[in-house]
Amino acid sequence: MTDWQPVIGLEVHVQLSTRTKLFCDCANAFGTLANSNTCPICAGHPGVLPVPNEQALLLGVRAALALGCDVQPFSKFDRKHYFYPDLPKGYQISQYDLPFALNGSVDLGDGRRIDLERIHWEEDAGKSTHEAGYSLVDLNRCGVPLIEIVGKPNLHSPADAHAFLDSLKRTLRYATVSTCDMEKGSLRCDANVSLRRTSDAPLGTKVEIKNVNSFKMVERALDFELARQAAILDSGATVAQETRLWDEARGETRSMRSKEEAMDYRYFPEPDIPPIELATSTIDAQRELVAESWQTRRHRYESAGLTAYDASVLTAEPDIADYFEATWQACDDAKQAANWTQTDVLRAAGERGVGIAELRVRPNTLAEIIGLVQSGLINFAGARKVFNRILDANDGPCETPAEAVVALGVAQISDPHLLEPIVREVMGACEKAVADYRKGKTKALDALKGRIMGKTKGRADPAVVGEILTRLLSP
Amino acid sequence: MDKPQPTEIKVLAELARLRLEDQTAARIAGQLERILDWFRSLDAIDTAGVEPSPYAVVLRNVTRPDEPATATDDLPHGQDILNCGPEQTKDCYLVPPVLGS
């Protein structure tokens, strides 16, 4: 395997987040009753007239701009012919020789960029389910707007292919053009795979792998296929040019069709849809809507003192980044805002199965809680109780964090005159820990602090307790 | 230009999912040749300086807003469409097996 260089190119289909389908006003919805979102247009009945959805075209343009593509002022739709039960018209409306976007690249996040070939608009096909002896067809997905993003074969490992998809997904989610949810099929991927002896050798025979439908599957399918091709080449045989289907249950790719059976799609211009001209002003308006990229945000977070790891977690999703930034802005403490967002906030959203933007503790509220800790009114343990109380409050006007502090009785005790008697009492009760500490076992201090916290129900100011303890314990 | 061969006719028929007997293929080859000849009369037109265009009309950007169908639409939807299929089960069109047997 080490003798061969893998060459991988990905073609990614992304469903656009519109309300309706690409050429008709049926809902673009997932998970509804089979064959409930259909009309004569998307079901391919004769004599109907497809009319492009303006928003779908614009979301495609926005995606292309987010990926740095050259958006083309003139493009057209074409018919791509093939027969399959989930394509009722017998052709798919796609774009052939004049796609709406060329070039562009995907930034892997480590300084490397993978160039793109093109992006084009097209309609999705229906969904087939294969049962013993027959197949079932659901046409709900027919006509859902897609963009197909064609990457150049410049990836050289399954891990890089994963990084490519991860980056692409972040970029498209930041541009709010798609949910990119592989589980729900809103992002799907085909891979072209070949091996060559050295990095300057001509490309080997490529195999196309279809049906790779999760991020985990991508790496597994590529690992399998690369090993299969290496074994063939090592034995002195040649790899057949073909299309193979990834079978997740068996963990293998299997032949779907050979080169001889390759499709002749007989593309020709779609006569029912006049060409699309994109004015510079239209393109510029979409450029305005492309949010700051995740790469730029990540960089900015690192410049504010966050670790590369924190910056990566916080930019995984635009809602997480937005929540963090709003909190940071309101409390002016990037580190605290990052810690809270990554731990309690993400956990709360996960446990409740809701988006971070729907949590009852809004960034402003969280910033107030952080402020109460900064000002010494509560300690971290108290802050967490306040956070959870507001999180689980009923609907209606919310308590402020300050009110929650009172209601919970978690105001921190910072007055040394109040704390010293408690410290002395605990020292008297824990003679062994005191002796251990004086013998040099500094860890014994933690046990004492723990007892003091327990006695004050977590309200003692840890810093003041530390000072008193060190003073009283010094010889 | 070469005259269409019966083998090419067979390939075209296969792509269009038509089953043709050899005799029919030979007859169609002759007809197709006459059709192509008729189109070749376009070759006589001087197109120097004319930009190629895939369309005969000057229409551009015919689009619609992203608004869902309303209850007042008179187009058939959903179940009406499904009922057009010859066989159905589990709210789906029932078709012959697609993957092998």
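Residues numbered from 1 in each chain as written. Chains lettered and ligands numbered in written order. Predicted model: local features only at pLDDT ≥ 70, side-chain atom pairs only at ≥ 80, totals over all residues. Heavy atoms only, no water.

Section: the layout of surface pockets
Stated precisely, the cut-off is as follows: Of the two site types, the cavity is a set of points on a 1 Å grid over the protein atoms alone where a 1.4 Å probe fits but cannot get out, and the pocket is an open set with protein on both sides within 12 Å along at least five of seven lines, each lined by residues with an atom within 4 Å of a point. Grid points are joined across faces, edges and corners, and a volume is the space filled by probe spheres set on the points. Secondary structure elements follow DSSP: runs of H or I of four or more residues count as helices, runs of E of two or more count as strands, with numbering from the N terminus. Residues are grouped as follows: Ala, Val, Leu, Ile, Met, Phe, Trp, Tyr, Cys and Pro are nonpolar; Asp, Glu, Lys and Arg are charged; all remaining types, including Gly, are polar.
Of the voids in this model, the second largest pocket is the one considered here, and its volume is about 290 Å³. Along the wall of the second largest pocket there are 17 residues; nearest its centre are Pro85(A), Pro88(A), Leu139(A), Tyr93(B) and Val95(B). Per-element accounting of the lining of the second largest pocket gives the leading share, three residues, to strand S2 (residues 92-95) of chain B. Taken together, the residues of the lining of the second largest pocket sort by class into 14 nonpolar, two polar and one charged.

Re the interface of chain A and chain B
Threshold: Whether two residues are in contact is decided by their heavy atoms, any of which lying within 4.5 Å being enough. What gets called buried area is simply the loss in accessible area from a 1.4 Å probe that two parts show on being joined, summed for both. Throughout this description, the term salt bridge denotes a Lys or Arg side-chain nitrogen within 4 Å of a carboxyl oxygen of Asp or Glu. Under the rule applied, a polar contact is a pair of N or O atoms within 3.5 Å (in protein, one hydrogen donor and one hydrogen acceptor; residues adjacent in sequence only if both atoms are side-chain atoms).
Residue-level contacts link 48 residues of chain A with 36 residues of chain B. Across the interface of chain A and chain B, roughly 3600 Å² is buried in total on both sides, 63% from carbon and sulfur atoms. Where chain A packs against chain B, one counts two salt bridges. The partner of Glu67(B) in a salt bridge is Arg19(A), with the nearest N and O atoms 3.4 Å apart. In this assembly, chain A and chain B are joined by 19 residue pairs in polar contact (both at pLDDT 80 or more). Within the residue set of the side of chain A that touches chain B, elements represented by two or more residues are helix H1 (54-66), strand S9 (127-131), strand S10 (134-138) and strand S17 (276-277) of chain A. Broken down by element, the side of chain A that touches chain B gets its largest block of residues, five residues, from S10(A). Residues that form the side of chain A that touches chain B fall into these classes: 26 nonpolar, 11 polar and 11 charged.

Considerations on the domain arrangement of chain A
Worth spelling out the cut-off: Residue ranges for the domains trace back to a domain assignment, done automatically or taken from a database.
Domain annotation of chain A identifies domain 1 (5-286), domain 2 (292-408) and domain 3 (416-473). Taking only C-alpha atoms into account, the centre of domain 1 of chain A sits 64 Å from that of domain 3 of chain A.

Focus on the pattern of salt bridges
All names here are of chain A. Following the criterion strictly, the structure yields 43 salt bridges over all chains and no others. Between Asp124 and Arg141 there is a salt bridge, and its shortest N-O distance comes to 3.5 Å. With a gap of 17 residues between them, Asp124 in the loop between strand S8 (113-123) and S9 and Arg141 in the loop between S10 and strand S11 (145-151) connect regions that are remote in the sequence. For Arg254, the salt bridge is made with Asp247, and the minimal N-O distance between the two is 3.3 Å.

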